[in-house]
Amino acid sequence: MSDRLALERARLGAHRGLATWGERTVPLAEFRVAAAAAGRALADAEREVARRALLERPRDPTPVEGPFARIAVFGGIYSNRQALAACLADAAARGVEAVYCLGDLGAFGPHPEACWPLLLEAGVRSIQGNYEQSLAGGRDDCNCGYTDPRDNHFARLSYQYTARNCSPAFKAWMGALPARRRVRVALDAENPGNELLLVHGSPRRVNEFLFASTSPVALLSMLCAEERCDGFLCTHSGLPWVRTLPDGKRVANVGVLGRPANDGDRRVRYAIVTAGPTGVDVEIVKLAYDHDDLAREMRAELLPEEFVETIESGWWTTCLEVLPSRERGLSRF
Amino acid sequence: MQRAANSDRPAAPDRAAVPPALSPATSARPPSVPAPTSVPAPSSVPSVRLADLETLWFQVGGTLCNLACTHCFVSCSPTNHTHELMTLAEVVPFLDEGAALGVKEYYFTGGEPFLNPEMEAILALVTRSYGPATVLTNGLLLDPERCRRLRAIAEEGDYALDIRVSLDGPDAESNDAVRGPGAFARATAGIANLAAVGLNPVVTATEVDDGNGTPEGKERFFALLRALGIAKPRLKLLPLFRIGAEAERAGAYESWQRLAAGDEGDLGFDHLQCNSGRMVTGQGVWVCPILVNEPAARMGPRLADALGPAALSHPACWTCHAYGVSCRT
């Protein structure tokens, strides 16, 4: 037997009867006794207090808007003026009483400031996304929450272009937007309806990604309970989904207007929320728009061809590493 | 690397009164090991609140492993019973307690989790009823049959199943120098078996070789994975913790490598994983996945006992802060 194999065999058998305590080995019983003595075992009542303390949040002073019988909710415009215009027309045709934007006005697309007058003219009720927080705060990064270097490379290109092409007045307006809104969706003023919380990433973090395959029902229920709401709507991750909780509450990610939903379909997504007799109905709308015009403008602005390819193909080419395994498995790249 | 705080929320003031786990005042050390003289005074040791219990880890493979890697920060081996395998019945009460606390993701590690005869049953239960699950494996036990069963679990669950396979080099020579003879051949066969059933693992590599983290080093891993049938290779790099076997291989921490009050700077400490996660072993709840071989890092028998702040008194805490480490994928 070679020396190396002998050494390997010795290492494999090195811990017989011993525990590893930091860098030392000690008799197993010594570790177990020390571990059992460490920490605290609370009484049942104390445990309940500890759990409540973790979950309890101060009451949210955000005013409740509405009631409205039907609203449109979108997020992630990403400077896609063409999709924004199509969405506003589509929502008006569906008879909505209010239009909400969940933030991230800029990113992959051209001429970010061109969306501003459309939002103002239509009376869109907006909240801040991480983009608005970063642009208004003069930060040097979008705080999208990516961890992969390639994702961050393209996120930087997007953000730097957007920051260069937004006026101080537009950035100041972004800085004055609220971080969240609340809206009552009800059939009429006599009906209690449902109070929905509107956020960018999640109720607890502006850049939290809530994907369908990684957002447990128990987590969504806990967030609704903490926020004392009948459901919430978010965006940020780029992929839409709707979930009904065991108690009937609705939680949805409304997707984004700015780029397709990574399924080979060039249409973009937003939500129509309608009051019903027993709750709200959330419909994810697939919206066609003039993507050729957008692609032309992006190329004229010399934006990365990867971004244009997504608009023209319906498949994401960047910012993919953040996708959970299931969503990534359905993706082309 | 992004190091955003784990929550936008302010700290809840009523939880600050709980004494931090692992504080020098309460830490137990083996009698044979004198307390390092460089431990900062208790008053200067910073601590981290738990903002949300987002990530729940299970040392479901104990410290038992079919390898004995020279860099293992918990010194796992075929004979290391410091922590034993966890049964499904042991895991379930923590899943229920965690779900009620709003856990977002579940991680299963060891040791080698697939030495646990109930590992697949645990993954099936979690992805069906609790949330997304990630299992961290050395890949040696990923035979074609097991991979087919894992594929079924991944398809049938409501939530995502992710598999992380550890490699420490893109070839047998560099990998096996750390992980043992034959490890590369068996792990890469396991990765190929996953690819054959359409599962795309995240390969985790440590920076045991300085080149692994460079663009060229990563490209070598990507090329290997493509050759194994992975069209969209995924790679996570982790720095080394100079504890356990790694302390013998590369030397222990220097005395200055400890956190003190003020070290947080503008970044703060809320980016640390102890701000949003806990680790469950067969012996109770530990503050994080790194410190399961430190009895003083045990916080109590149940999750509710472990919701208080964690003291950043261990030198490994310095690595987490300095390198922005998260054990999450």
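Let me begin by describing the structure that accompanies this report. Predicted model, so just to flag it, every value in this text is computed and none were measured.

## Here we look at the nonpolar core
Residues Phe58, Tyr106, Phe108, Leu123 and Leu150 of chain B are the most contacted members of the largest nonpolar core, which totals 101 residues. Not counting the four nearest positions on each side in its chain, tyrosine 106 of chain B is found in contact with Leu56, Phe58, Leu95, Gly98, Ala99, Val126, Tyr130, Gly131, Pro132, Ala133 and Thr134 of chain B. The next biggest cluster of nonpolar side chains, apart from the first, holds 54 residues, and it includes Phe108, Cys166, Phe209 and Ile272 of chain A.

## Here we look at helix α11 (residues 305–313) of chain A
All names here are of chain A. Phe307, Val308, Thr310, Ile311 and Ser313 are the residues of α11 that are buried. Those residues of α11 that are buried are in contact with α7 (149–164) and α10 (291–300). Backbone geometry just after α11 places glycine 314 at a positive phi near 85 degrees.

## With respect to the side chain of asparagine 138 of chain B
Residue and element names in this part refer to chain B. In this fold, asparagine 138 is placed in the loop between β4 (133–137) and α3 (144–156). Of note is the side chain of asparagine 138, whose polar atom sits 3.0 Å from the backbone nitrogen of leucine 140. Ignoring sequence-local partners within four residues, the contact set of asparagine 138 consists of Cys65, Asn66, Leu67, Glu112, Val165, Ser166, Arg179 and Ala187.

## Let's talk about the sheet that holds strand β7 (residues 234–238) of chain B
Two pairing modes exist for strands in a sheet, parallel and antiparallel, and in both the strands are linked by backbone hydrogen bonds. Residue and element names in this part refer to chain B. Taken together, the nine strands give an open sheet; going across it, the order is β7-β6-β5-β4-β3-β2-β8-β9-β10, and neighbouring strands pair in mixed fashion. Both edges of this open sheet fall to β7 and β10 (298–300), since each of them pairs with a single strand only. When strand polarity is set aside, the average angle formed by the axes of neighbouring strands in this sheet is 30 degrees.

## Description of the interface of chain A and chain B
Listed per partner, the contact involves 71 residues of chain A and 82 residues of chain B. Taken together, both faces of the contact between chain A and chain B bury some 5,800 Å²; the carbon and sulfur share is 51%. Among the residues chain A hides against chain B, the three largest losses belong to Arg40, Leu54 and Arg204 of chain A. Together they make up 12% of the total. Run the count over chain A and chain B and you get eight salt bridges. Among the ionic pairs, aspartate 52 of chain B bridges to arginine 57 of chain A, the shortest N-O distance being 3.1 Å. Where chain A touches chain B, the interface holds 31 residue pairs in polar contact (both at pLDDT 80 or more). Taken together, the elements giving at least two residues each to the side of chain A that touches chain B come down to α1 (3–12), β1 (18–21), β2 (24–27), α2 (28–37), α3 (44–55), α7, α9 (217–227) and α12 (325–329) of chain A. Its residues assigned to classes, the side of chain A that touches chain B shows 33 nonpolar, 15 polar and 23 charged.

## Focus on the pairing of strand β2 (residues 55–58) of chain B
All names here are of chain B. Every second residue of β2 is oriented toward a common face, with Thr55 and Trp57 on one face and Leu56 and Phe58 on the other, all of them buried. As paired elements, β2 and strand β8 (residues 277–281) share four bridges and run parallel to each other. Paired with leucine 56 across the bridge in β8 is arginine 278.

## A closer look at the sheet that holds strand β4 (residues 70–74) of chain A
Residues and elements named next belong to chain A. What the five strands build is an open sheet, ordered β6-β5-β4-β12-β13; its pairing is mixed. For this open sheet the edge positions go to β6 (125–126) and β13 (280–287), each flanked by a neighbour on one side alone. Here β4 runs beside strand β12 (residues 268–275); their pairing, made up of four bridges, is antiparallel. From the neighbouring strand, isoleucine 71 faces β12, where its bridge partner is valine 273.

## Observations regarding α3 of chain B
Look at α3 of chain B: 18 Å from first C-alpha to last across 13 residues, which is about the 18 Å you get at 1.5 Å a residue. Those residues of α3 of chain B that fall on the buried side of the exposure criterion are Arg146, Cys147, Leu150, Ile153 and Ala154 of chain B. Down the axis of α3 of chain B, the buried set is contained in an arc of 115 degrees. They therefore lie on one face. Exposed and facing more than 90 degrees away from the buried side of α3 of chain B are Glu155 and Glu156 of chain B. In this structure, the buried side of α3 of chain B is in contact with α12 of chain A together with α2 (119–129), β5 (161–166) and α5 (183–196) of chain B. The N-capping residue of α3 of chain B, defined by a side-chain oxygen 3.1 Å from the backbone nitrogen of glutamate 145 of chain B, is aspartate 143 of chain B.

## What about the environment of aspartate 52 of chain B?
When you line up the elements, aspartate 52 of chain B lands in the loop between β1 (47–48) and β2. Along the primary structure aspartate 52 of chain B and glutamate 97 of chain B are separated by 45 residues, whereas in three dimensions their C-alpha atoms are 14 Å apart. Of note is the side chain of aspartate 52 of chain B, whose polar atom sits 3.1 Å from the side chain of arginine 57 of chain A.

What counts and how
All residue numbers refer to position in the chain's written sequence, counted from 1. Here chains are named by letter from A upward and ligands by number from 1 upward, in the order in which they appear as written. Thresholds applied to this predicted model are a pLDDT of at least 70 for local features of residues and 80 or more for the giving and counting of side-chain atom pairs; totals over whole chains, interfaces and linings are not thresholded and use all residues. For side-chain calculations, the full set of non-hydrogen atoms in the structure is used, while hydrogens and water are omitted. Remark: nonpolar core denotes a set of buried residues (Ala, Val, Leu, Ile, Met, Phe, Trp, Tyr, Cys) joined through side-chain atoms within 4.5 Å. The buried label goes to any residue with under 20% of its type's maximum accessible area, the exposed label to any with over 50%, and the partly exposed label to all in between, with areas taken from a 1.4 Å probe on protein chains only. Note on contacts: a residue pair is in contact if any heavy atoms of the two residues lie within 4.5 Å. Per the convention used, a helix needs a DSSP run of H or I reaching at least four residues, while a strand needs a run of E reaching at least two, with both numbered from the N terminus. Pairs of N or O atoms are called polar contacts if they sit within 3.5 Å, as long as, within protein, a hydrogen donor faces a hydrogen acceptor (for residues adjacent in sequence, only side-chain-to-side-chain pairs). Two strands pair if DSSP finds at least two bridges between them. What counts as an axis is a line fitted to C-alpha atoms, over the stretch in contact for a helix, and the angles between N-to-C directions run from 0 to 180 degrees. Once two parts are brought into contact, the accessible area they lose, counted with a 1.4 Å probe and summed over both, makes up the buried area. When a carboxyl oxygen of Asp or Glu is within 4 Å of a side-chain nitrogen of Lys or Arg, the pair counts as a salt bridge. Each residue gets one of three labels, nonpolar for Ala, Val, Leu, Ile, Met, Phe, Trp, Tyr, Cys and Pro, charged for Asp, Glu, Lys and Arg, and polar for the others, Gly among them. Working rule for helices: expected span equals 1.5 Å times residues minus one. Starting at the helix axis, one direction is taken to each C-beta atom, and the arc is that of these directions.

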